[in-house]
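Remarks on the overall topology
Take a look at the letters that make up each chain.
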Amino acid sequence: MRYQWQIMRSLGLVDAEIRNFTDEDHWLSYFPPHCVKDLKRVGLHTDWRRSFITTDRNPFYDSFVRWQFIRLKERGKIQYGKRYTIFSPKDEQPCMDHDRSSGEGVGPQEYTLIKMHVQELSGKLKSLASRKVFFIAATLRPETMYGQTNCWLGPDLTYIAVEAKNGDVYICTRRAARNMAFQEMLSVENEVKTLMELKGHELMGTKLGAPLTTYKTIYALPMLTVKEEKGTGVVTSVPSDAPDDFAALVDLKNKPALREKYGITEEMVNVDPVPIIDVPEYGALSAPAVCQMMGIKSQNDRDKLVEAKEKVYLRGFYEGTLLVGEFKGKKVQDIKKAIQQKLVASGEALVYQEPEKLIISRSGDECVVALCDQWYLDYGEPKWRAVTQQNLDSLNTYHDDVRRNFDASLDWLKGHACARTYGLGTYLPWDKKWVIESLSDSTIYMAYYTVCHILHEDLYGSQPGKYGIKAEQMTPEVWDYIFFQSNTFPNTTVKKEAVEMMRNEFAYWYPVNLRVSGKDLIPNHLTYYLYNHTAIWPTQPDKWPAGIRANGHLLLNSEKMSKSTGNFLTLSDALDKYGADGMRLALANAGDSVEDANFETQVADSGVLRLWTFVELAKELVAEKDCMRTGSLYTVNDKMFTAEMNLKIRETDGYYKTLMFKEGLRTGFFEYSNLFHQYRERAQVQSGLSWELVQRYLTSQVLILSPICPHVCDFVWQEVLGNRGSILHTSWPVTEEPDMQLVKASEYIGDNSHRFRLRLKAHMVPAKAKKGETPAAVQPPSHGVIWIAKTFPKWQSTILIAMHDLYEKNNKILPDNKELSKALGSIPSLKKYMKKVMPFVQSVRERMSSVGDAALKNTVDFNERSILEENLDYLRGTLNLEGLILSWTEDCDNERTQEEVVPGEPFITFSTAPSVPLTLINPQPHSGLFQCCLPVYQNDTVAAITARLKRNERFIKPTMKLTFHKYKDPLMGPRNVPTLADPLQGTDQLNEEVIFTLKDEKIHFTSNGTSAYLGAKIVYWVH
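My aim in this report is to walk through the structure given alongside it, one point at a time. (Residues numbered from 1 in each chain as written. Predicted model: local features only at pLDDT ≥ 70, side-chain atom pairs only at ≥ 80, totals over all residues. Heavy atoms only, no water.)

A short note on the overall build of the chain
Defined as follows: Secondary structure elements are defined from DSSP: runs of H or I of at least 4 residues count as helices, runs of E of at least 2 residues count as strands, and each element is numbered from the N terminus. We take the radius of gyration over the C-alpha atoms and set the globule estimate at 2.2 Å times the residue count to the 0.38 power. Any two residues whose heavy atoms approach within 4.5 Å at even a single point are treated as in contact.
Counting its regular elements, the chain contains 31 helices and 38 strands. Computed over its C-alpha atoms, the radius of gyration of the chain comes to 41 Å, more than 25% above the 31 Å expected for a compact globule of 1023 residues. Projecting the C-alpha coordinates of the chain onto the three principal axes gives extents of approximately 130 × 85 × 60 Å. When contacts within the chain are restricted to residue pairs at least 6 apart in sequence, long-range pairs at least 24 apart make up 71% of them.

Below, the structure written as structure tokens:
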């Protein structure tokens, strides 16, 4: 257990500072300024004038909450009386969600306590002979009591005997007795007075009389899995409908040694399951039936028993029909409550509640369920619930899981204790000994945001606003007028101008378009939020909440944050380490669902690098503006990139509107920047970059990324792009409707360049050598042919037409393969292709999963050859080929190529032309360039050598100019040491008209009609 002072020390506070926190008001003054400071560093855009603290420490907010509760009480939403609530005995008051250190969101669980009368007192129980003694069993299924055959006790558990309110004696666990004491069941309220303490094994074999069962006597038997932390430690046994009970009973029957260990005789287990409920599929003895089906042999088959229990319990409750008793023939789910009421009325049972799970208060106390007098908000009242359901029906919850959680909360929520006896908060206006608790005074405070900057200038309400309004002037009638409860101007000393301003502010800002909060608050705070808005504005749906976005907790590197393990990161530390935008990028990438988000430090690190790289790219592109194309003449690549930008901008806008920031980051930064680099790579080997498109890319990139990384984007916007004013004052980029044919064409180039590279990789794999021989090295190819199909082979085209017809007739759903096979088999022209038909059908079906019904078309939606021709230089460069041509498959001699190449999926073949290696030397001082070796092919030109060198040397930019120089003496020239004063001494420049030829594995050059030997080395110079 960690104490608060230890946590504060870990935050950097020294003991002298920590001591001040014994004053509760110090909490209110210390943390808010630190929070504001960190949030400003994050770049949070907030109207800080509207900041305030709650509770009565802020007199204006105190007045606001009093008004709210006065109106709620007048409208019958607040009641007083005894009710079950989570309660801390140590604190002597209800323990609401925000008062808990664990168990937030956990509520009471109702049980029926079955009173099993002890027929013969033996052992320690003999001392209780003058009283009625009962084993008290807790059950969630009172309708199954007709089938009891025994009860179960944990042999090693500790049980106690306590005196009931009517003088009887109850046997149960101490934990259960503690809950009973606070529910007016025991002789002494709120206290457990133990008559005796017993171990479970001391009670084995006790004779009991149980209500409703057909057995006059049942026995207490051992079950090792009985838990002390659930129920009373006494468990009813119904082996006809409970797989666990059936398996345990069979074990006792089959294991004499086990019976002997606990003093259990064969007579005590000589019972059979009693058929009481008919369950579809499983019959009247559902537990034995499902155990047999699943091969469950004993109670040690834990996993199977869990599965069996789920099957039987769900179907038994929702579909089962009772076979016995006065409710015979009725559905179980319809008579469960009636049977409970019958047992309680006859004195054979009690209604009991306990926390559904362990709840620990902030004071370290294990909470109970108590029946106590209290003021409570009557959540669940049918009319109020119906109106709140209307609000939920119109609410944007962003995720279906959130809506389902809200529906479930509305179903089970029945009242909420709204006040306690001490702590921070507003006093109930009509009962000053009660303080409104923190979940109840924070349900409509969003309305207070709209006016607080007019009422006071500080967080605490101690500095009046410009109108000098005092808290006591804010009467209920004034609040009524401001918040549209009344249209009659109130009798008040507050200036009319101030009141009208507050009324206008509220009218302008309400309703709340978006409330962002944790998913763990759906069962309480957020559901209360809906209830209270419909209660305060019952006839004004336009004031009800419009949207709630719930999120999970934050993991750090896929693990829960924990200071004890060192896996912990504060907001301030994250800002110091990654900066605001690096942290924001990692947070955006952490996840969009209601599941816990995952902040990955690796993503934050790489995000910082990505942002820096983008800034440098922007600077580089602006500096190269004069080298780029200008004007309105756009290439196909320009048009494809434009269409892709339009698409990604629209996708990103849609994701932002639905608060899907991870998806928005993906489309608006990762994919968007990848599209630019793809465009740049293609354009540089063709007609160059278009400045208009580069400028549009940079401008739109910072605009669509600015919601996530505003600081970097604003820097680029102003300092790099030269815009005046902040990017925050700029509109979202305007886009045209994206041309999807161009988008598909670009994807076609990207997909096929990838396929071609894989084909090249496969081409370079050596053929398998004979045993004992080394595989022969494969020469890299120098040339390639891309084969394009104008249409599918006739038999495939026939299949596509037939499949498309069947697809349309079947409501745009492709029939199964059996039906397709039958339909295609009836087409005469396909008879000789039948072995190929179904494999082709399956390949089309698989393509449909990725491209939809486009897979059924005979051709693609764009001019395939034209797109490839436009990008031929790019494809040649990416494949490192010297030559690349396009051909139709109908001109190919290879029958397999003609047969298998289809529209949209071109095929490439490679070949290697003869070449001679040439060494290129760079003697420029301080250039960082040295020498490299390139192949030279027959009839190569200077332009071809230039392009080849640029592809191989990444430090040579596409915009740089190159010249080549031959040695005057091709043999001795390369051996001379160059002089720094004149590195090109002893060389002659090769002009653009030079043609290189190969002869006897040597390189010659031809210039002005004269041919000469070039040599094995030449010089290149970068300008």
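Let's pick the thread back up.
Here we look at the packing of aromatic side chains
Put simply, the rule reads: A pair of aromatic rings is counted whenever rings of Phe, Tyr or Trp (Trp by its six-membered ring) have centres within 6.5 Å, and the orientation is called stacked for planes under 30 degrees apart, edge-to-face for over 60 and tilted otherwise. Whether a residue is buried, partly exposed or exposed follows from its accessible area with a 1.4 Å probe, protein chains only, as a fraction of its type maximum: under 20%, in between, or over 50%, in that order. Counted as over-ring charges are cases with an Arg CZ or a Lys NZ within 6 Å of the ring centre that also lie within 35 degrees of the ring normal.
A complete count under the given rule lists 51 aromatic pairs for this structure. Arranged with centres 5.8 Å apart and planes meeting at 75°, the rings of Phe64 and Phe483 form a pair that is edge-to-face. Of this pair, Phe64 sits in helix H4 (residues 59–74) while Phe483 sits in the loop between helix H15 (476–482) and helix H16 (496–509); the two residues are 419 residues apart in sequence, bridging distant segments of the chain. Overall, Phe483 belongs to the buried group, its relative accessible area being 0%. Above the plane of the ring of Tyr313 lies Arg141, whose end atom (NZ or CZ) is 5.0 Å from the centre.

A look at helix H5 (residues 174–181)
Of all the eight residues making up H5, six are buried; the element is thus mostly covered by neighbouring parts of the structure. Within H5 the residues assigned to the buried category are Arg175, Ala176, Ala177, Asn179, Met180 and Ala181. Where H5 is buried, its residues contact strand E4 (108–118), strand E5 (133–139), strand E7 (158–163), strand E8 (169–172), strand E15 (349–355) and strand E17 (368–377).

Quick notes on the sheet that holds strand E2 (residues 93–94)
Here is the rule we go by: Two strands are said to pair when DSSP picks up at least two bridges between them.
In space, the four strands of this open sheet follow the order E2-E1-E17-E18, with antiparallel pairing throughout. The open sheet is flanked by E2 and strand E18 (416–417), the only strands paired with a single partner. Relative to E2, strand E1 (residues 78–88) is paired through two bridges, and the arrangement is antiparallel. By the bridge assignment for E2, Ser88 is matched with Gln93.

Here we look at the packing of helix H19 (residues 601–623) against helix H23 (residues 710–720)
Put simply, the rule reads: Angles shown run from 0 to 180 degrees and are taken between the N-to-C directions of axes, each axis being a line fitted to C-alpha atoms and, for helices, limited to the stretch in contact. Under this scheme an angle from 65 to 115 degrees is roughly perpendicular, one under 35 degrees roughly parallel, and one over 145 degrees roughly antiparallel; angles in between are oblique. Crossings are classed by handedness, with left-handed meaning an anticlockwise turn of the near helix from the far one by less than a right angle and right-handed meaning a clockwise turn. Each residue gets one label: Ala, Val, Leu, Ile, Met, Phe, Trp, Tyr, Cys and Pro are nonpolar, Asp, Glu, Lys and Arg are charged, and the others, such as Gly, are polar.
As a packed pair, H19 and H23 sit with axes 11 Å apart at the nearest point and diverge in direction by 15°. Overall, the two elements H19 and H23 adopt an arrangement that is roughly parallel. In this structure, the crossing between H19 and H23 has a hand that is right-handed. Of the residues in H23, those in contact with Leu611, Phe614, Val615, Ala618, Lys619 and Val622 of H19 are Val712, Phe715, Val716 and Val720. The residue inventory of the contact of H19 with H23, partitioned by class, reads nine nonpolar, no polar and one charged.

A short note on the environment of Ala408
With respect to the secondary-structure elements, Ala408 resides in helix H12 (residues 400–412). Sequence separation between Ala408 and Ile522 is 114 residues; the distance between their C-alpha atoms is 9.7 Å.

Some thoughts on the side chain of Asn391
Its location among the elements puts Asn391 in helix H11 (residues 382–394). By relative accessible area, Asn391 is classed as buried at 0%.

A closer look at the pairing of strand E29 (residues 907–911)
Covered by surrounding structure in E29 are Ile908 and Phe910 only, the residues Phe907, Thr909 and Ser911 on the alternate face being uncovered. As paired elements, strand E27 (residues 783–788) and E29 share five bridges and run antiparallel to each other. The residue bridging His783 from the neighbouring strand is Ser911, located in E29.

Quick word on the sheet that holds strand E26 (residues 597–599)
Sheets are built from strands that pair by backbone hydrogen bonding, the pairs being arranged parallel or antiparallel. Spatially, E25-E24-E26 is the arrangement adopted by the three strands of the open sheet, whose pairing is mixed. Every other strand in the sheet has two partners, leaving strand E25 (559–560) and E26 as the edge strands with one partner each. The pairing of strand E24 (residues 554–556) with E26 spans three bridges and is classified as parallel. Bridging across to E26, Leu554 finds its partner in Ala597.

Regarding the pattern of salt bridges
In plain terms, the rule: Here, a salt bridge means any Lys or Arg side-chain nitrogen found within 4 Å of an Asp or Glu carboxyl oxygen.
Going through the model one piece at a time under the given rule, you end up with 55 salt bridges. In this structure, Arg50 engages Glu505 in a salt bridge whose closest nitrogen and oxygen atoms are separated by 3.0 Å. Taken together, the residues span a long stretch of sequence, with Arg50 in the loop between helix H3 (24–42) and H4 and Glu505 in helix H16 at a distance of 455 residues. Among the salt bridges present, the one from Arg847 reaches Glu905, with a minimum N-O distance of 3.4 Å. Placement of the pair is Arg847 in helix H27 (residues 834–851) and Glu905 in the loop between helix H30 (895–900) and E29, with a sequence separation of 58 residues. Given the relative accessible area of 32%, Arg847 is considered partly exposed. When salt bridges that share partners are traced, they join Lys648, Glu651, Glu663, Arg666 and Glu671 into one network.

Points about the side chain of Asp431
Put simply, the rule is: In the analysis that follows, any N or O atom pair within 3.5 Å is treated as a polar contact, provided that within protein one partner can donate a hydrogen and the other can accept it, and provided that, for residues neighboring in sequence, both atoms belong to side chains.
Relative to the elements of secondary structure, Asp431 occurs in strand E21 (residues 431–436). Take Asp431: its relative accessible area is 17%, and that puts it in the buried class. Within the structure, the side chain of Asp431 is placed 3.1 Å from the side chain of Trp375, a separation counted as a polar contact.

What about the packing of helix H18 (residues 571–588) against H19?
Axis separation between H18 and H19 bottoms out at 8 Å; the angle between their running directions is 120°. On the basis of their axis angle, the class for H18 and H19 is oblique. Where H18 crosses over H19, the handedness of that crossing is right-handed. Within the contact between the two elements, H18 uses Tyr578, Asp581, Gly582, Leu585 and Ala586 and H19 uses Thr601, Val603, Ala604, Asp605, Gly607, Val608 and Leu611. Along the lines of polarity and charge, the residues of the contact of H18 with H19 split into seven nonpolar, three polar and two charged.

Some remarks on a nonpolar patch on the surface
Formally: For patch detection, residues must exceed 30% relative accessible area and be free of salt bridges, and they are connected within 9 Å for like charges or within 5 Å for nonpolar side chains (Val, Leu, Ile, Met, Phe, Trp, Tyr). All accessible areas in this document rest on Shrake-Rupley with a 1.4 Å probe, and a residue is counted as covered only by the protein chains that are shown.
On the surface, a cluster of nonpolar side chains totalling about 210 Å² of accessible area is made up of Leu39, Leu44 and Leu571. Locating Leu39 in the fold gives a position in helix H3. Here Leu39 falls in the partly exposed class, since its relative accessible area comes to 30%.

Structural notes on the nonpolar core
To keep things clear, this is the line we draw: For this analysis, a nonpolar core means a set of buried residues of the types Ala, Val, Leu, Ile, Met, Phe, Trp, Tyr and Cys, connected via side-chain atoms within 4.5 Å.
Within the largest apolar cluster, 64 residues are counted, with the highest numbers of intra-cluster contacts made by Phe64, Trp479 and Phe483. No other element matches the eight residues that helix H17 (residues 522–536) contributes to this core. With residues up to four places along the chain from it excluded, the contact list for Trp479 reads Phe60, Ser63, Phe64, Trp67, Tyr448, Val451, Leu455 and Met474. Grouped together as the second largest cluster of nonpolar side chains are 63 residues, Leu153, Tyr262, Ile264 and Ile335 included.

Side note on unusual backbone geometry
Glycine aside, residues mostly have negative phi, and peptide bonds are mostly found in the trans state. Here Tyr510 and Pro511 are connected by a cis peptide whose omega angle stands at 10°. Of note, Pro511 is situated in the loop between H16 and strand E22 (515–518). Backbone geometry places Leu659, a non-glycine residue, at a positive phi of 60°. By the secondary structure assignment, Leu659 is in the loop between helix H20 (636–657) and helix H21 (661–684). Using a relative accessible area of 13% as the deciding quantity, one classes Leu659 as buried.

A look at H12
Our working rule: By this rule the span expected of a helix is its residue count minus one, scaled by 1.5 Å.
For H12, which comprises 13 residues, the first-to-last C-alpha distance of 19 Å matches the rise-based estimate of 18 Å (1.5 Å per residue) to within 8%. Tucked inside the fold, the buried residues of H12 contact H11, H17 and strand E23 (548–551).

Quick word on a positive patch on the surface
Selection criterion: Here Asp and Glu are counted as negative and Lys and Arg as positive; His is not counted, and neither are the chain ends. Think of each charge as sitting on NZ of Lys, CZ of Arg, CG of Asp or CD of Glu.
A contiguous patch of positive charge, built from Lys227, Lys230, Lys309 and Lys357, is present on the exposed surface. If you trace the backbone, Lys357 turns up in the loop between E15 and strand E16 (360–361).

Focus on the state of the cysteines
Operational definition: Throughout, a disulfide means two cysteine sulfur atoms within 2.5 Å of one another.
This structure, assessed with the given rule, holds zero disulfides. The thiol of Cys95 is not disulfide-bonded; the next cysteine sulfur, from Cys367, is found 3.8 Å away. Here Cys172 stays unpaired: no disulfide links it, and the sulfur of Cys151, its closest cysteine neighbor, is 13 Å away. Of the residues examined, Cys172 reaches a relative accessible area of 0% and is grouped as buried.

Side note on the environment of Gln6
Position of Gln6 relative to the elements: it lies in helix H1 (residues 4–10). Looking at Gln6, the relative accessible area reads 27%, which means it is partly exposed. The spacing of Gln6 and Arg404 is 398 residues in sequence and 39 Å in space, taken between C-alpha atoms.

With respect to the environment of Lys836
With respect to the element layout, Lys836 can be found in helix H27. Remark: the alpha-carbon pair of Lys836 and Gln796, spanning 40 residues in sequence, is separated by 9.4 Å. When sequence neighbours within four positions are dropped, the list of residues in contact with Lys836 reads Trp795 and Glu899.

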